[in-house]
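Listed here are the chains, written in short residue letters.
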Amino acid sequence: MGSRRNFLEKLTVSAIGIPLLYNSTSLFAATESAYEGPMLRVAIMGLGSYGTRVAEAMQSCKRAKLVGVISGTPSKVEAWQAKYGVPKKNCYNYENFDKIKDNPDIDAVYVITPNGLHCEQSIRVAKAGKHVICEKPMAINAEEGQKMVDACKAANVKLLIGYRMHFEPKTVEVIRMRKAGEFGKPKFFQGLSGFVIGDPSQWRLNKKLSGGGAMMDIGIYSINGARYMLGEEPIWVTAQETKTDPVKFKEGIDETIQFQMGFPSGAVASCLSTYAMNNLDRFFMTAEDGYVEMWPSTGYGPIEGSTHKGKLTQPHITHQTLQMDGMAQLIFENVQPIVPVDGEEGVKDMKIVDAIFKAAKTGDKIAL
Ligand code: NDP
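Residues numbered from 1 in each chain as written. Predicted model: local features only at pLDDT ≥ 70, side-chain atom pairs only at ≥ 80, totals over all residues. Heavy atoms only, no water.

Could you give an account of helix α10 (residues 319–333), with specific residues and numbers?
Quick reminder: α-helices carry 3.6 residues per turn. Residues three or four places apart thus point the same way. Taking 1.5 Å per residue, 15 residues should reach 21 Å; α10 reaches 20 Å between its end C-alpha atoms and fits that length. Positive phi shows up at N334, right after α10, with a value of about 60 degrees. (Helix = DSSP H or I, 4+ residues; strand = E, 2+ residues; numbered from the N terminus. Expected span 1.5 Å × (residues − 1).)

This is the structure:
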């Protein structure tokens, strides 16, 4: 309790000067005692590994609740009905989920299927009049991402991307410090994102379903991280690809890409995205008056890090719990996270992914 109060106090003080950008209550929605406001009623589409993690985390949410499922696997539906008390009338499959438009008990659908399915499925959800929450990467290229943004606008529903780090307390603190000028002018970011991928038959190594390899899955964290750590949008990229196993990593599935990004201020980023090396989950940013190092930087946590002022001590709270409570607040109260999680934010990342693939293929410096 003491530490929670201390942190709340810190956050209140630190929020001075950026009142519009961050409302501390969204961080602590999970620990508030009595919440009587509206509840975001969510159906999860795709009951796989990450969908399962989100469902577990949502059990601790105060503002969001799992009420429905969309799945191609009847046995999973049955198990989720039993475990989460999902009523039969809120269960759908990929053929009939357009009927969700006639279901007044579901507000939003969280799309947690393979990347290559996100665009079509999200647009169908939007057309059914429900808010769309979609996992990263939002799609397999910027063109698809833009179609999703346009469809959600046309349907007058929100499109939110599962950028859980935008709600993570240590990450939020670093962004707050950067916005408050506590690092001085950012100069350089290094992002290392990767792990050794297993089973060669999984959808992540199937171009049609994944849209690419490590970059789509994990490299995107370094892209997004560079943007929120430096606080700028890149104006060029260069990239180099290496492939040691062309059988496992077929044409269009990147194994390892090193890429660089240049920013209007002159700041640069140098990043590594890989499916071939472990222990890569590290961000480093140096600036005129300070630095920050985070390792691990984007895993499920606890995130660890320090700055020139000392260790980051904000508490670990399950990321997906914070994210879903934060998204409920965004939808109902228009409380914005410190950096956006909307479809436009997703398209910005996808444009950079497109440019990195082009740069890796051509060897050119690609202007954004
Ligand atoms: P999984 O393979 O574990 O689950 C995907 C689920 O999608 C399947 O279980 C299946 O559920 C459904 N699905 C529908 N069509 C297909 C198909 N053709 N092939 C395979 N599955 C299908 O993947 P993850 O849960 O790990 O990843 C899903 C999404 O979540 C990806 O976009 C990924 O990038 C993202 N993700 C995000 C993370 C984060 O930290 N933000 C972490 C991990 C993943 P069903 O049987 O119910 O139909």
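Before we move on, could you go through the sheet that holds strand β2 (residues 64–70) and cite the residues and values that matter?
The sheet built from 6 strands is open, its strands ordered β3-β2-β1-β4-β5-β6 with parallel pairing. Two strands bound the open sheet, and with one partner strand each, they are β3 (91–92) and β6 (159–161). Strand direction decides the pairing type here: strand β1 (residues 40–45) and strand β4 (residues 108–111), joined by 4 bridges, are parallel. Bridge pairing in β4 places A43 opposite V109. (Pairing = 2+ DSSP bridges.)

Account for the confidence of the model for the protein chain, naming residues and giving values.
Per-residue confidence for the protein chain gives a mean pLDDT of 93; residues scoring 70 or more make up 91%. Within the model, the stretch residues 1–26 combines pLDDT values under 50 with 32 contacts to residues more than four positions away or in other chains. (pLDDT = per-residue confidence, 0-100. Contact = heavy atoms within 4.5 Å.)

Talk me through the site of the ligand; I want residue IDs and the actual numbers.
By nearness alone, 27 residues border the ligand, and S71, T73, K76, Y94 and N115 come closest of all. G72 places a polar main-chain atom, nitrogen or oxygen, 2.9 Å from an oxygen atom of the ligand. Of all the secondary structure elements, the ones that give two or more residues to the shell around the ligand are α3 (49–58), α5 (115–127) and α9 (214–230). For the shell around the ligand, the residue count by class is 11 nonpolar, 10 polar and 6 charged. Both domains that meet at the shell around the ligand, namely domain 1 (8–164) and domain 2 (169–315 + 342–367), each give it at least three residues. (Near = heavy atom within 4 Å. Polar contact = N/O pair within 3.5 Å; in protein donor to acceptor, adjacent residues only side chain to side chain. Nonpolar A, V, L, I, M, F, W, Y, C, P; charged D, E, K, R; others polar. Domains from an automatic or database assignment.)

Break down the pattern of salt bridges for me, citing the residues and quoting the values.
One side chain can pair with another of opposite charge once the charged atoms of both are near each other. Under the definition given, this model contains 18 salt bridges. In this structure, D105 engages K89 in a salt bridge whose closest nitrogen and oxygen atoms are separated by 2.5 Å. Placement of the pair is D105 in the loop between β3 and β4 and K89 in the loop between α4 (74–84) and β3, with a sequence separation of 16 residues. The class for D105 is partly exposed, based on a relative accessible area of 29%. For R176, the salt bridge goes to E182, with nearest N and O atoms at 3.0 Å. In this structure E182 comes out as partly exposed when scored by relative accessible area, which is 23%. Through salt bridges with shared partners, one network takes in R41, K89, D105 and D107. (Salt bridge = Lys/Arg side-chain N within 4 Å of Asp/Glu carboxyl O. Buried < 20%, exposed > 50% of the residue type's maximum accessible area, 1.4 Å probe, protein only.)

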